[in-house]
Amino acid sequence: MNFKVCSLFSGSSGNSTYIGTEKTHVLVDAGASMKNVVAGLGQIGIDGRDLQGILVTHEHSDHISAVGAISRRFHVPVYANEETWQAMESKLGRIDAGNRRVFYNDMDFYIQDINIQPFQIPHDAADPVGFSFSYKNKKISIVTDLGHTNSKIIKSVMDSDLVILEANHDANMLMAGPYPGYLKKRILGRKGHLSNEDSGQALLEMVKGKVTHVLLAHLSKDNNYPQLAYQTVVDILESNGVQAGRDIQVDLTYRDRASNFYHIG
Ligand SMILES: [Zn+2]
Ligand SMILES: [Zn+2]
């Protein structure tokens, strides 16, 4: 009866998340080689042939590089909004017409027994989205690749049990680091990526709702490290009276391996 979630890998180098129930198995993004995605699924006992959908947040290559190959190899439907389809179609290669599925932002839909709600997020892509997934009375949300949060996003996810939330960079590390100026500006911009600090501040809002579990995600390899992301977020929470481990469980995702396999409910 459980609602299951596992980050197969997460970071600027590639992203894929598994969401499932007893009878439904979907991926959010598949941005690495097909081999890596299949290996990640294998670690949690899922075969590529079990997949009933790949949901795409946006067309950046760290989210779509294996989408076309997986769809063709295992005959899996691909779900994206129309703008994202237009932006990514030429990069995916041939997709069977029957596997080309379109969703609309703010309109929920089902894949088998999982309800899915896409909502717009601010990022420098055609029409990027986050997703909330509901099964029975449990809810999981994924919010990565966004330059800032707003009240609509917070409202969409604050009744989730578990949130996968971007903690991309430490702003000081980014500023002092080797990236060229235009790239620093892009990452720090309103349509770039959430910093560790932004992530902690967003969580402060989310814990006012139902959120009791967060996985910090999409960590930069060059401008962050896991312990720093964790500590920055926990410090912000605890200096505002929210105790990690008691009020909220804070966990990490990893660039090159799967997170814990969470069973909710
Ligand atoms: Zn990304
Ligand atoms: Zn992106």
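Going by the structure above, here's the rest.
Residues numbered from 1 in each chain as written. Chains lettered and ligands numbered in written order. Predicted model: local features only at pLDDT ≥ 70, side-chain atom pairs only at ≥ 80, totals over all residues. Heavy atoms only, no water.

(A) Region of interest: the pairing of strand β2 (residues 16-20). Across the five residues that make up β2, a large majority, five, are buried. Taking every second residue as pointing to the same face, both faces of β2 are buried, with S16, Y18 and G20 on one and T17 and I19 on the other. Judged from the five bridges that link them, strand β1 (residues 3-9) and β2 form a sheet pairing that is antiparallel. Across the sheet, V5 pairs through a bridge with I19, a residue of β2. Once β1 ends, the chain turns through six residues before running back antiparallel as β2, passing G11 with a positive phi of about 155 degrees. Note that β2 and strand β3 (residues 25-28) share four bridges and pair antiparallel. By the bridge assignment for β3, Y18 is matched with L27. A loop of four residues connects β2 with β3, the two strands running antiparallel in sequence. (Buried < 20%, exposed > 50% of the residue type's maximum accessible area, 1.4 Å probe, protein only. Helix = DSSP H or I, 4+ residues; strand = E, 2+ residues; numbered from the N terminus. Pairing = 2+ DSSP bridges.)

(B) View of the coordination of the zinc ion (ligand 2). Every protein donor of the zinc ion (ligand 2) is listed here as H58 (NE2), H60 (ND1), H123 (NE2) and D145 (OD), and their distances to the metal cover 2.2 to 2.5 Å. Geometry at the zinc ion (ligand 2) is irregular, judged from the four donor atoms that bind it and their angles of 90 to 172 degrees at the metal. Read from N- to C-terminus, the donor residues coordinating the zinc ion (ligand 2) fall into the pattern H-x1-H-x62-H-x21-D. Between the two metals, the zinc ion (ligand 2) and the zinc ion (ligand 1), the spacing is 3.5 Å, and D145 donates to both. With a gap of 87 residues between them, H58 in the loop between β4 (53-55) and α2 (61-64) and D145 in the loop between β10 (138-143) and α5 (151-157) connect regions that are remote in the sequence. (Donors = N, O, S within 2.8 Å, 3.2 Å for Na, K, Ca; no water. Tetrahedral: all angles 85-135°; square planar, octahedral: opposite > 155°, others 65-115°.)

(C) Structural detail: the coordination of the zinc ion (ligand 1). Coordination of the zinc ion (ligand 1) by the protein comes from D62 (OD), H63 (NE2), D145 (OD) and H218 (NE2), over a distance range of 2.1 to 2.2 Å. One can describe the donor arrangement at the zinc ion (ligand 1) as irregular, given that its four donor atoms subtend angles of 94 to 166 degrees at the metal. Mapped onto the polypeptide sequence, the residues donating to the zinc ion (ligand 1) form the spacing pattern D-H-x81-D-x72-H.

(D) Geometry of the packing of helix α8 (residues 196-206) against helix α9 (residues 226-238). The interhelical angle for the contact between α8 and α9, taken along N-to-C directions, is 40 degrees, at an axis separation of 8 Å. The angle between α8 and α9 places the two elements in the oblique class. Between α8 and α9 lies a crossing of right-handed hand. Contact residues: N196, E197, S199, G200, Q201, L203 and L204 in α8; L228, A229, T232, V233, I236 and L237 in α9. Within the contact of α8 with α9, the residues separate by chemical class into seven nonpolar, five polar and one charged. (Axes fitted to C-alpha atoms, helices over the stretch in contact; angles between N-to-C directions. Parallel < 35°, antiparallel > 145°, perpendicular 65-115°, else oblique. Left-handed = near helix turned anticlockwise from the far one by under 90°. Contact = heavy atoms within 4.5 Å. Nonpolar A, V, L, I, M, F, W, Y, C, P; charged D, E, K, R; others polar.)

(E) Structural context of the packing of aromatic side chains. Tallied over the entire structure, the rule returns six aromatic pairs. Judged by centre distance (5.6 Å) and plane angle (50 degrees), the rings of F3 and Y135 are tilted. In this pair, F3 sits in strand β1 while Y135 sits in strand β9 (residues 129-135), placing the two residues 132 residues apart along the sequence. The exposure class of Y135 is buried, given its relative accessible area of 7%. (Phe/Tyr/Trp six-rings, centres within 6.5 Å; stacked < 30°, edge-to-face > 60°.)

No statement about biological role is implied by the geometric values presented.
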